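Structure at a glance
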Amino acid sequence: MNNQRPQRLSRFAVLIWPILLCLAPGLLQASTARDPYQYFFESSLGDLTEELEIARENGKQGIFVFFEMDECPFCHRMKQTVLNQPDVQEYFKKRFHSLSIDIEGDIEIVDFKGNDTTQKEFARSNRVRATPLLAFYDLQGNLLFKYVGATSGKEEFIWMGEYIADQVYLQKDDSGRDMRFARYKRMKKNNAL
């Protein structure tokens, strides 16, 4: 009777190992999350006019600003599930100069127009009332698009990047209105693009 137990375990092992081997690439990919402050956000100089110059010199399509605050659970979720993903980091690094701004921060900065201000005042001047607020600026510092709240995941976040990088926001929909991100997102979900 004792001989049957090891035989059962070995049959179980023979059955389970192929399943584990199939799951291993997904598990390894899930474990490759990288710190967004090291791999997503640029080290800020505190002068947004300089950041614009760096973005232009590096051939970026614009500036992405992640307005956040310490106690924001949705900001934390974005950093832990979206901004830490290598494919998201690579997509945005190629196209945008990405910065983080603390909406409660007293750190002095220079805004896109060259005015001295603080992170807190810059957030107020951009009408940031909730976090996270995801904002895209052109290479002259003009606001192109802003989105309040966390995205549903990395797919939606990359779609947002495409919406700006591919200048979809300048296109017209079937009724002649400006293409809104919500419509673009629906079209992506339905494979209508």
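This text gives an overview of the structure that appears in the document. Since the structure is predicted, the reported quantities are computational estimates derived from the model, not experimental observations.

What follows is about the nonpolar core. Formed by 31 residues in total, the largest nonpolar core has its most connected members in F64, F92, F157 and Y163. Elements that contribute at least two residues to this core include exactly strand 1 (62–68), helix 4 (73–81), helix 5 (86–95), strand 5 (133–137), strand 6 (143–148), helix 7 (154–165) and helix 8 (181–189). The biggest single contributor to this core is helix 7, with 7 residues. Once residues within four sequence positions are removed from consideration, F157 is found in contact with F40, F64, M78, V82, L83, V88, F92, L134 and T151. Core analysis: the next-biggest nonpolar cluster, separate from the first, contains 18 residues, L48, F122, V128 and L139 among them.

On to the packing of helix 7 against helix 8, then. Close contact between helix 7 and helix 8 brings their axes to 10 Å; oriented N to C, the two are set at 120 degrees. Here helix 7 lies oblique to helix 8, going by the angle between them. Seen along the crossing, helix 7 lies across helix 8 with a hand that is right-handed. Listed contacts from helix 8 to E156, W159, M160, E162 and Y163 of helix 7 are F181, Y184, K185, K188 and K189. For the contact of helix 7 with helix 8, the residue count by class is 5 nonpolar, no polar and 5 charged.

Below, the discussion takes up the pattern of salt bridges. Counted under the stated rule, the structure contains 12 salt bridges. For D106, the salt bridge identified is with K120, shortest N-O distance 2.9 Å. Here the residue D106 occupies a position in the loop between strand 2 (96–102) and strand 3 (108–110), and K120 occupies one in helix 6 (residues 119–125), the gap between them amounting to 14 residues. By relative accessible area, D106 is classed as exposed at 54%. Between E156 and K185 there is a salt bridge, with its nearest N and O atoms 2.6 Å apart. Here the residue E156 occupies a position in helix 7, and K185 occupies one in helix 8, the gap between them amounting to 29 residues. Both residues of the pair, E156 and K185, belong to the buried class. Salt bridges sharing common partners tie together D173, D174, R177 and R183.

With that settled, consider helix 7. Since the α-helix advances by 3.6 residues per turn, residues separated by three or four positions end up pointing in the same direction. Between its terminal C-alpha atoms helix 7 stretches 16 Å, which fits the 16 Å expected from 12 residues at 1.5 Å a residue. Among the 12 residues that make up helix 7, 10 are buried, leaving the element largely enclosed by the rest of the structure. Listed as buried for helix 7 are E156, F157, I158, W159, M160, G161, E162, Y163, I164 and A165. At the C-terminal side of helix 7, Q167 shows a positive phi close to 55 degrees.

Residue placement: S98 occurs in strand 2. Classification of S98 by relative accessible area gives buried; the value is 1%. Those residues within four positions of S98 in sequence are excluded, and the remaining contacts are F40, F41, E42, F64 and F92.

A few words on unusual backbone geometry. Phi is mostly negative for residues that are not glycine, and the peptide bonds are mostly trans. The peptide bond linking T131 to P132 adopts the cis configuration, its omega dihedral lying at -5 degrees. Backbone geometry places R127, a non-glycine residue, at a positive phi of 55 degrees. The topology assignment puts R127 in the loop between helix 6 and strand 5. Positive phi, normally seen in glycine, also occurs at Q167, with a value near 55 degrees. In this structure Q167 comes out as partly exposed when scored by relative accessible area, which is 43%.

Let's shift gears to the sheet that holds strand 1. Sheet architecture is open: 4 strands sit in the order 2-1-5-6, paired in mixed fashion. Bordering the open sheet on either side are strand 2 and strand 6, each of which pairs with just one other strand. Within the sheet, the average angular offset between the axes of one strand and its neighbour, ignoring direction, is 20 degrees. Contacts from helix 7 reach strand 1, strand 2, strand 5 and strand 6 within the one sheet, and its direction differs from that of strand 6 by about 165 degrees.

Calculation notes
Residues numbered from 1 in each chain as written. Predicted model: local features only at pLDDT ≥ 70, side-chain atom pairs only at ≥ 80, totals over all residues. Heavy atoms only, no water. Core = buried A, V, L, I, M, F, W, Y, C linked by side-chain atoms within 4.5 Å. Buried < 20%, exposed > 50% of the residue type's maximum accessible area, 1.4 Å probe, protein only. Helix = DSSP H or I, 4+ residues; strand = E, 2+ residues; numbered from the N terminus. Contact = heavy atoms within 4.5 Å. Axes fitted to C-alpha atoms, helices over the stretch in contact; angles between N-to-C directions. Parallel < 35°, antiparallel > 145°, perpendicular 65-115°, else oblique. Left-handed = near helix turned anticlockwise from the far one by under 90°. Nonpolar A, V, L, I, M, F, W, Y, C, P; charged D, E, K, R; others polar. Salt bridge = Lys/Arg side-chain N within 4 Å of Asp/Glu carboxyl O. Expected span 1.5 Å × (residues − 1). Pairing = 2+ DSSP bridges.

Take it as geometry only, folks, not as evidence of what the structure does.
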